[in-house]
Amino acid sequence: ETRGMSVHSLAPDPALLFERLKGLMPSVRRVFVVYDPRSNAWLIQLAREAARNQGLELVAQEATDLKTAMRFYQDNLAGADPKRDALWLPQDLATVDESSVLPFVLQEAWNRSLAVFSSNVAHVKRGALFSLYPNNIELGRNLAGAALNQLSSGSQGGRAIAPLREVLMAVNVRTAEHLGLGLGQRQRQAFDRVFPEQ
């Protein structure tokens, strides 16, 4: 449906997610992610390269239904090493169900002191360590620039899906403290949104 057009996704660029993860938790070496290839194969392709660039091993598992996704989450959470592993929740309706998967993952990760980061800012409020979300002003500038370039050149541009790079960061300081990250006041001020809200 998008042949001949560039698509700007609201899914944060995995390179930025992994960079922020390493900034908060330099000891992390492996990231688990469960995804539906029908909607997120393009994103996981970017994530594989981004993980290599950050010195991370990406364990990407394909699931096209909730039952398969839940089995992967159970296995990953049971075998994860909280000192070197983290779990990424992408924007994926098939594998990150808000009513069953999310509460299970967040509770089990809390019990095991495992870092969970997300591509959905609402998950930070519920207990994920951090997320990246759109910086609407910068995103608007970028889209306007792309539209003007297209009008002036007459071409459609890259003809690909582009991840979100104009981002702000939200962090859950309660989760950070539970994981032993000890974010100081100065570090907290560097975040754009902090949960729980004071």
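Keep in mind the model is a prediction, meaning the values are calculated, not measured.

Reading guide: rules and limits
Residues numbered from 1 in each chain as written. Predicted model: local features only at pLDDT ≥ 70, side-chain atom pairs only at ≥ 80, totals over all residues. Heavy atoms only, no water. Pairing = 2+ DSSP bridges. Helix = DSSP H or I, 4+ residues; strand = E, 2+ residues; numbered from the N terminus. Axes fitted to C-alpha atoms, helices over the stretch in contact; angles between N-to-C directions. Contact = heavy atoms within 4.5 Å. Core = buried A, V, L, I, M, F, W, Y, C linked by side-chain atoms within 4.5 Å. Buried < 20%, exposed > 50% of the residue type's maximum accessible area, 1.4 Å probe, protein only. Salt bridge = Lys/Arg side-chain N within 4 Å of Asp/Glu carboxyl O.

**Student:** Honestly, the sheet that holds strand β3 (residues 57-62) in this entry has me stumped. Any pointers?
**Tutor:** In sheet architecture, strand pairing relies on hydrogen bonds along the backbone and comes in two forms, parallel and antiparallel. The mixed open sheet is built from 7 strands, whose spatial order is β3-β2-β4-β5-β6-β8-β9. For this open sheet the edge positions go to β3 and β9 (193-195), each flanked by a neighbour on one side alone. Across the sheet, the mean angle separating the axes of adjacent strands is 20 degrees when strand polarity is ignored. The sheet contacts of helix α2 (residues 37-53) involve β2 (30-35), β3 and β4 (85-89), and relative to β3 the element is tilted by about 170 degrees.

**Student:** How should the nonpolar core be read in this particular structure?
**Tutor:** Buried together is how nonpolar side chains tend to be arranged in soluble globular proteins. Ranked by internal contacts, the top residues of the largest apolar core, which has 35 residues, are Phe 18, Val 31, Trp 88, Phe 117, Leu 129 and Phe 130. Residue assignment for this core shows that the elements contributing at least two residues are α1 (14-24), β2, α2, β4, β5 (115-118), β6 (130-134), β8 (167-172) and α7 (173-178). In terms of nonpolar packing, the next biggest core, distinct from the first, is built from 21 residues, Val 34, Val 59, Met 70 and Val 101 among them.

**Student:** Could you clarify how one ought to interpret the pattern of salt bridges in this entry?
**Tutor:** Note on pairing: side chains with opposite charge can pair once their charged atoms come close. Evaluated as defined, the whole model comprises 7 salt bridges. Of the charged contacts in the structure, one is a salt bridge between Arg 165 and Asp 13, with a shortest N-O distance of 2.5 Å. Of this pair, Arg 165 sits in the loop between β7 (161-164) and β8 while Asp 13 sits in the loop between β1 (7-12) and α1, and the two are 152 residues apart along the sequence. Glu 108 is paired through a salt bridge with Arg 112; the nearest N and O atoms lie 2.3 Å apart. Placement of both Glu 108 and Arg 112 in helix α4 (residues 101-112) is noted, with a separation of 4 residues, approximately one turn of the helix. The exposure class of Glu 108 is partly exposed, given its relative accessible area of 21%. Through salt bridges with shared partners, a single ionic network connects Arg 30, Arg 84 and Asp 85.

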